[in-house]
Amino acid sequence: MMRSSGSCMWSSSLPSLSTRTSQSGMGFFKLDTSQCDSSRKSSVAGQHAADDFASDELLNIYLSETDTITLLDMPSTCMSEEAENAQAVKESNNIYLELCQNRLGNDKYVERAMQTFVGAAKHKKVQSDKILMHDQGTQATIWDIHDSFQPEVPKEEKAADCMVEFDQGPKRTSSSSSISTIGTASTGSSLFAFKMQGGDLKDEPELQQIFKSDMFQSNLVIMERCLVANIFQPQLATYRKLPEIKVPPPVMEPEPVVLVEEEREDEEEDEEQAVVVEPVTEVKQEKQVTEKEIKEEKEEEEEKVEEEVLEEEAPNPFLELLWMFSCELTKGRNITCMAWNKQNTDLLAVGYGDFKPGKTGLICCWSIKNLSWPERIYNCHSGITSLDFSSTKPDKLAVGMYDGTVAIFSVRNRENRTFLTSSIDCKKRHVHPVWHITWAKQEMSISDEDTVESVVSISEDGRVLKWLLCSHGLDGLDMLELRRIQDGIKKAEGNKTRKEGILVSTATPGLCLDFQPRDPTIYLAGTSEGVVHKCSVSNHHHYLALYQKHLCPVNRVQWSPFSNDVFLSCSADWTIQLWKEDCLTPAIGFTSIQSPVLSVRWSPLWPSVFAAVKSEQLEIWDLNASLMDPVIVEPAAQGIKLTSMLFAKGSDCILVGNSVGQVNFYRISNLSVGPGKKVPSLEELVHFPTGN
């Protein structure tokens with residue numbers, strides 16, 4: 001038996017089957033598997049086969065493989081982990097999963113349409129009605145397009161958003177719970193107006209939900225600001241130095257006159273008479289016209305001469321009232337202090353309070369964008385004495401109170417609990433009124449960039465404290481304890497005498513302080529003795545210099561924003577003193593009427609202008625115009641006392657607070673140091689003494 005490549009060849013000694021092959025055309029044999037009856041039959045068959053083949057012949061049989069026809073093939077989606085390429089398949093699967101997860105929003109994923117084979121169209125006739133076509137159009141705004149891409153919110157969630165719990169939660173049990181917040185500007189005004197009309201929110205639950213919803217509040221704020229801006233547009237344009245928008249009055253068309261027949265006949269008769277007299281009166285009319293023209297020309301020349309004379313004479317400066325900050329909550333309250341936000345110059349904080357024990361205080365944050373109602377309202381347990389905003393964190397408002405409390409508010413959030421911390425639980429707290437509070441910058445390293453702001457307060461107990469924010473509240477650090485000064489006389493050589501201040505152990509009340517803009521480590525402190533102390537933050541026991549001129553308490557001291565070594569001080573002795581830092585005697589004193597000077601401030605625009613407020617009048621001093629008298633005197637209304645004053649930042653305006661809760665906003669006009677004029681410095685106007 002032999003086997004070759006490509007085909008199989010088998011050799012056998014079987015007998016010839018010629019008879020069968022000749023009939024069928026192909027040779028085959030059949031192998032019977034049945035058992036033979038006997039061995040005899042097999043031997044006989046072998047003898048017959050041997051007789052048929054005369055000689056031994058080879059019979060070749062060839063076997064070949066046909067083409068495989070696959071009827072169904074379902075490849076497996078699984079693979080054994082022991083396979084050779086199992087690790088590669090796992091990595092490709094992980095890559096595909098990451099691609100599916102990151103394809104949305106990925107710049108590398110691009111959707112593209114691909115061409116596919118279109119099957120052959122099959123035509124089939126059907127019977128139907130005629131298809132009618134209609135043209136229809138619509139307009140889609142950007143709001144519709146935006147809303148179409150937003151996920152739909154279920155109605156239940158929308159209703160839940162509009163619902164606001166009326167219960168404001170449990171009150172704070174600590175002693176600081178007496179300081180709270182009331183609403184926002186638009187919501188507070190709307191609720192107040194609703195209550196004034198006799199309405200009750202408990203009887204109207206739906207109105208309660210509407211008034212308390214966030215969407216209603218935000219929309220009401222925008223609407224209220226738009227209305228106020230339209231009403232006060234001329235005043236706001238004057239404040240911001242913008243052109244005023246003047247709306248022309250409506251033109252009224254004359255009504256047609258219907259004449260009666262009798263009136264027409266009378267007019268016709270008058271016209272006929274006029275025609276007859278016309279030649280006689282023409283000469284008279286010409287003479288009258290010429291005389292009128294001559295008179296008009298003379299009057300115009302006289303008016304021009306008067307205008308030239310008025311232009312040569314400088315107009316007198318005056319104050320123009322633009323608007324007033326006042327509402328129902330502030331009526332009858334005494335204004336004690338005001339402070340601008342150092343970054344948002346449209347935000348003004350006003351403190352209200354009476355200097356009596358047991359009286360409550362109020363803080364209102366007014367905005368130039370809404371002149372009718374304050375943006376923030378804070379009720380305090382004691383009267384407000386001083387306010388100041390932080391320059392690095394403009395939302396922080398430091399507050400000093402009459403009972404000695406120092407508190408810090410956050411005006412950023414609209415929530416009720418914006419009261420951050422206070423000194424109520426501090427052991428070193430002030431025990432007397434805090435008359436002045438300010439934010440002071442302190443350098444933490446050699447570079448000017450590493451500076452930290454801290455709150456510094458001065459009180460009637462004679463202490464100057466620096467406040468640090470801790471976990472349990474504000475913690476006070478002693479900076480200086482003010483002592484009384486007793487004048488002693490020391491005899492020197494010859495007949496010369498000099499005065500020397502001697503410190504006495506009794507503390508003296510502190511009323512005001514101000515840090516030097518050039519060197520934040522130096523500050524001035526005014527006392528009730530009439531003495532101004534020059535102090536340093538690094539020296540907690542001694543002062544650097546004493547400025548003694550006032551005979552009564554010093555109510556205010558302020559450094560000049562243009563000359564770093566010049567400052568003003570005002571006192572209850574009716575005088576204002578101008579000082580040079582290196583000289584212990586004042587350069588010049590100012591006085592007008594016999595009344596205590598409550599406050600004095602430099603103008604942030606002009607170096608020679610400052611303002612002083614007294615209970616009877618407001619005074620604007622211009623050293624460029626006069627060193628003896630104020631250039632503007634604005635008296636207070638009858639029965640009203642002026643209490644505080646503040647210049648507006650970046651504008652020629654000034655604010656004045658009074659004893660009935662009104663903040664009057666004035667514009668200063670026609671000063672000698674107006675726009676386009678050269679402003680002299682203080683050194684050019686005032687001869688300062690040199691040396692001590």
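Our subject is the structure that appears above.
To keep things clear, this report deals only with the structure shown in the data block. Being a predicted model, the structure only gives us computed values, none of them experimental.

## Some details on the sheet that holds strand β25 (residues 597-602)
Here we have four strands laid out as an open sheet, ordered β25-β26-β27-β28, and antiparallel in their pairing. In this open sheet, the two strands that pair with only one neighbour each are β25 and β28 (632-635). Going from strand to strand, the sheet's axes swing by 15° on average, the running direction of each strand aside. As paired elements, β25 and strand β26 (residues 609-614) share five bridges and run antiparallel to each other. Across the sheet, Trp602 pairs through a bridge with Phe610, a residue of β26.

## Concerning the sheet that holds strand β20 (residues 545-548)
Strands sit in the order β17-β18-β19-β20 across an open sheet of four strands; the sheet is antiparallel. On the outer flanks of this sheet lie β17 (510-515) and β20, each paired with one strand and no other. Recorded for the sheet is a direction-independent mean angle of 20° between the axes of neighbouring strands. As judged from the four bridges shared by strand β19 (residues 531-536) and β20, these two strands associate in the antiparallel manner. Looking at β20, one finds that Val531 is bridged to Gln548.

## Some details on the nonpolar core
Counting 26 residues, the largest nonpolar core has Tyr239, Trp323, Phe325, Trp340 and Phe665 as the members making the most contacts within it. Put simply, the parts of the chain that give this core at least two residues each are α9 (233-239), β2 (318-325), β3 (335-340), β4 (347-352), β5 (361-367), β30 (653-658) and β31 (663-669). Apart from residues no more than four positions distant in its own chain, Phe665 is found in contact with Tyr239, Glu320, Leu321, Leu322, Trp323, Phe325, Trp340, Ile368, Ala648, Cys653, Ile654 and Leu655. By size, the runner-up hydrophobic cluster in this structure holds 18 residues, among which are Phe389, Met401, Ala407 and Val411.

## Notes on the packing of helix α7 (residues 205-212) against helix α8 (residues 214-231)
For the pair α7 and α8, the least separation of the axes is 5 Å and the interaxial angle reads 60°. Facing α7, whose interface residues are Ile210, Phe211 and Lys212, α8 presents Asp214, Phe216 and Gln217. Among the residues making up the contact of α7 with α8, the classes are represented as three nonpolar, one polar and two charged.

## Description of a negative patch on the surface
A contiguous patch of negative charge on the surface is contributed by Glu293, Glu296, Glu297, Glu299, Glu300, Glu301, Glu302 and Glu303. Among the structural elements, Glu301 can be located in helix α10 (residues 261-312).

## Quick look at a nonpolar patch on the surface
A cluster of nonpolar residues, Ile69, Leu71, Leu72 and Met74, forms a patch on the protein surface that exposes about 590 Å² of accessible area. Here Leu71 is to be found in the loop between α2 (39-52) and α3 (86-102).

## Here's the deal with the environment of Val452
Along the chain, the position of Val452 falls in strand β12 (residues 451-459). On the basis of relative accessible area, Val452 is assigned to the partly exposed category, the value being 43%. In sequence terms Val452 and Trp439 are 13 residues apart; their C-alpha atoms lie 9.8 Å from each other.

## A word on the pattern of salt bridges
Per the counting criterion, the structure on display carries 16 salt bridges. The closest approach of N and O atoms between Glu375 and Arg225, which form a salt bridge, is 3.3 Å. A residue pair is termed long-range when its members are at least 10 positions apart, and Glu375 in the loop between β5 and β6 (376-380) and Arg225 in helix α8 qualify at 150 residues. Classification of Glu375 as buried rests on a relative accessible area of 6%. Look at Arg225 and you get partly exposed, because its relative accessible area is 26%. We note a salt bridge from Asp395 to Lys396, for which the minimum N-O separation is 2.8 Å. Each member of the pair, Asp395 as well as Lys396, is classed as buried.

## Side note on the side chain of Thr405
Its place among the elements puts Thr405 in the loop between β8 (396-401) and β9 (406-410). What makes Thr405 buried here is its relative accessible area of 0%. A polar atom in the side chain of Thr405 sits 3.0 Å from the side chain of Asp403. Among residues more than four places away in sequence, those in contact with Thr405 are His381, Val399, Gly400, Ser422, Ser423, Ile424, Arg429 and Val434.

## Regarding the packing of aromatic side chains
One pass over the structure, following the stated rule, counts 19 aromatic pairs. With a centroid separation of 6.3 Å and 85° between ring planes, the pair formed by Phe325 and Phe665 is classed as edge-to-face. Linking Phe325 in strand β2 with Phe665 in strand β31, this pair joins segments that are 340 residues apart in sequence. Judged by relative accessible area, which is 0%, Phe325 ranks as buried. A centroid spacing of 5.1 Å and a plane angle of 90° characterise the contact between Phe355 and Trp435, whose relative ring orientation is edge-to-face. Placement of Phe355 in the loop between β4 and β5 and of Trp435 in strand β11 (residues 434-443) is noted, with a sequence separation of 80 residues between them. According to the relative accessible area criterion, Phe355 is partly exposed, its value standing at 39%. Aromatic ring contacts, followed pair by pair, group Tyr239, Trp323, Phe325, Trp366 and Phe665 into a single cluster.

## Considerations on the environment of Asp395
Locating Asp395 in the fold gives a position in the loop between β7 (384-389) and β8. For the pair formed by Asp395 and Asn341, sequence separation is 54 residues and the distance between their alpha carbons is 8.3 Å. Once residues lying within four places of it in the same chain are set aside, the contact partners of Asp395 are Phe409, Ser410, Val411 and Arg412.

Cut-offs and rules
- Residues numbered from 1 in each chain as written.
- Predicted model: local features only at pLDDT ≥ 70, side-chain atom pairs only at ≥ 80, totals over all residues.
- Heavy atoms only, no water.
- Pairing = 2+ DSSP bridges.
- Helix = DSSP H or I, 4+ residues; strand = E, 2+ residues; numbered from the N terminus.
- Axes fitted to C-alpha atoms, helices over the stretch in contact; angles between N-to-C directions.
- Core = buried A, V, L, I, M, F, W, Y, C linked by side-chain atoms within 4.5 Å.
- Buried < 20%, exposed > 50% of the residue type's maximum accessible area, 1.4 Å probe, protein only.
- Contact = heavy atoms within 4.5 Å.
- Nonpolar A, V, L, I, M, F, W, Y, C, P; charged D, E, K, R; others polar.
- Patch = residues over 30% accessible without salt bridge, like charges linked within 9 Å, V, L, I, M, F, W, Y side chains within 5 Å.
- Areas by Shrake-Rupley, 256 points an atom, 1.4 Å probe, with all protein chains shown as cover.
- Salt bridge = Lys/Arg side-chain N within 4 Å of Asp/Glu carboxyl O.
- Lys, Arg positive; Asp, Glu negative; His and termini not counted.
- Charge placed at Lys NZ, Arg CZ, Asp CG, Glu CD.
- Polar contact = N/O pair within 3.5 Å; in protein donor to acceptor, adjacent residues only side chain to side chain.
- Phe/Tyr/Trp six-rings, centres within 6.5 Å; stacked < 30°, edge-to-face > 60°.

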